[in-house]
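Residue-level structure breakdown
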Amino acid sequence: AGAAAITVHGRTREDFYTGTADWREIKKVVDAVRIPVIGNGDVGDGPAAKALMEETGCAAVAIGRAAWGNPWVFGAVNTYLETGEILPGPSWEERLAMVRKHLHGLCVEKGERIAVREMRAHASRYFHGLPKATVLRREIMKALTEEEFGRILTGYEKELGLEEPEA
């Protein structure tokens, strides 16, 4: 019908986010068509991307939920596929800096009121694994402005000794 490629997810709509993706279904599509198939489902790192490509023969992978609060996943997957190297995850400082950058971009794109509310969900994913993340999430949920959001992050950094020393 003229499609240049197809993306296939290994879960059905009924599966929603439960269970594991069925990569056999992706393989069936790869075997049935003559255009590139992009496989999706349960890819959160380089080894998973490589395994999906090897098991299904798909030409590429799509990454969804694993990128939420973790935009570094794309570089990590590419590096692994190219070199086999597993990159270290981002530092706390990099994560908090990205939260600020992400929020600011949302404010520019959607306006502060909508952006701050949307960023609450995104930020909680960025905070996963940080010390006292539950307390930080609770405080962020109260933020109404970009400035207030930033003050909460700065207070958190100071509390944990994560802020840059003043020169």
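All values derive from a computational prediction rather than experimental measurement. (Residues numbered from 1 in each chain as written. Predicted model: local features only at pLDDT ≥ 70, side-chain atom pairs only at ≥ 80, totals over all residues. Heavy atoms only, no water.)

In this section: the overall build of the protein chain. Scanning the protein chain from terminus to terminus reveals seven helices and three strands. What you see in the protein chain, going N to C, is helices and strands ordered as β-α-β-α-β-α-α-α-α-α. The C-alpha radius of gyration computed for the protein chain amounts to 19 Å, which surpasses the reference 15 Å derived for 167 residues by more than 25%, pointing to a less compact arrangement than a globule. In terms of principal-axis extent, the alpha carbons of the protein chain reach across some 60 × 35 × 30 Å. Burial statistics for the protein chain: of 167 residues in total, 31% are counted as buried. Here the analysis covers contacts within the protein chain between residues at least 6 apart in sequence; of these, 54% occur between residues at least 24 apart. As displayed, the protein chain has an accessible area near 10400 Å², and 54% of this comes from carbon and sulfur atoms. Looking at charge distribution, the protein chain has the averaged site of its 22 positive side-chain charges lying 6 Å from that of its 25 negative ones. (Helix = DSSP H or I, 4+ residues; strand = E, 2+ residues; numbered from the N terminus. Rg over C-alpha atoms; globule rule 2.2 N^0.38 Å. Buried < 20%, exposed > 50% of the residue type's maximum accessible area, 1.4 Å probe, protein only. Contact = heavy atoms within 4.5 Å. Areas by Shrake-Rupley, 256 points an atom, 1.4 Å probe, with all protein chains shown as cover. Lys, Arg positive; Asp, Glu negative; His and termini not counted. Charge placed at Lys NZ, Arg CZ, Asp CG, Glu CD.)

Looking now at helix α7 (residues 146-160). In an α-helix, one turn spans 3.6 residues, which is why side chains three or four residues apart end up on the same side. For α7, which comprises 15 residues, the first-to-last C-alpha distance of 21 Å matches the rise-based estimate of 21 Å (1.5 Å per residue) to within 8%. Within the sequence span of α7, burial applies to Phe-149, Gly-150, Ile-152, Leu-153, Tyr-156 and Glu-157. Down the axis, α7 shows its buried residues gathered within 160 degrees of arc, on one side only. Those residues of α7 that are exposed and aimed more than 90 degrees away from the buried face are Glu-147, Arg-151, Lys-158 and Glu-159. (Expected span 1.5 Å × (residues − 1). Arc of directions from axis to C-beta.)

Let us look at the pattern of salt bridges. In total, this model carries nine salt bridges according to the counting rule given. Note that Glu-118 and Lys-110 form a salt bridge whose closest N and O atoms lie 2.9 Å from each other. Note that Lys-132 and Glu-159 form a salt bridge whose closest N and O atoms lie 3.1 Å from each other. Remark: Glu-159 occurs in helix α7 and Lys-132 occurs in the loop between α5 (112-126) and α6 (133-140); sequence separation between them is 27 residues. (Salt bridge = Lys/Arg side-chain N within 4 Å of Asp/Glu carboxyl O.)

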